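Tertiary structure, described
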Amino acid sequence: ALAIYSAWYMTKSYADDGVARTSFLDRNKVSVYTYGAPNVGNSTFASEIQDLVYRIAYNQDIVARIPNFLEYTPAGKLYFISPDGLITNPEKLTN
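Residues numbered from 1 in each chain as written. Predicted model: local features only at pLDDT ≥ 70, side-chain atom pairs only at ≥ 80, totals over all residues. Heavy atoms only, no water.

1. Concerning the sheet that holds strand S3 (residues 77-81)
Taken together, four strands build an open sheet; the order of strands is S1-S2-S3-S4 and the sheet is mixed. Here the strands that pair on one side only, and so sit at the sheet edges, are strand S1 (32-35) and strand S4 (87-88). For strand S2 (residues 53-58) and S3, the ladder comprises five bridges, and the chain directions are parallel. Bridge pairing in S3 places Tyr-58 opposite Ile-81. (Pairing = 2+ DSSP bridges. Helix = DSSP H or I, 4+ residues; strand = E, 2+ residues; numbered from the N terminus.)

2. Regarding the nonpolar core
Core analysis: the largest hydrophobic core is formed by eleven residues, namely Ile-4, Ala-7, Trp-8, Val-30, Val-32, Phe-45, Ala-46, Ile-49, Leu-52, Val-53 and Ala-75. Contributions of two or more residues to this core are made by helix H1 (2-11) and helix H2 (43-49). If we ignore the near neighbours within four places in the chain, the residues touching Leu-52 are Ala-7, Trp-8, Thr-11, Arg-27, Val-30, Ser-31 and Val-32. (Core = buried A, V, L, I, M, F, W, Y, C linked by side-chain atoms within 4.5 Å. Buried < 20%, exposed > 50% of the residue type's maximum accessible area, 1.4 Å probe, protein only. Contact = heavy atoms within 4.5 Å.)

3. Some remarks on H1
Along H1, the residues classified as buried are Ile-4, Ala-7, Trp-8 and Thr-11. On an axial view of H1, the arc spanned by its buried residues comes to 100°, and they lie on one face. The secondary structure elements touched by the buried residues of H1 are S1, H2 and S2. (Arc of directions from axis to C-beta.)

Below, the structure written as structure tokens:
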């Protein structure tokens, strides 16, 4: 969770008061890979970091699904690790 928040903070181009500022890092050069990380923010936060984060989770891991009671939203591109060790992108699965 801290890795996701840190990447967002260091690449944002505005201060907490809404005033424009220069980001610490070039957003095009930052990517975060998490393994089994929980959800860390609401839908606004998730949309801001969607292109920075790659989430890898075991498909039966409960931690990657919590907290779900605070309107937290999954952020980033999600990939599942199946019980047999295969990594799949759920967006590309077909029925």
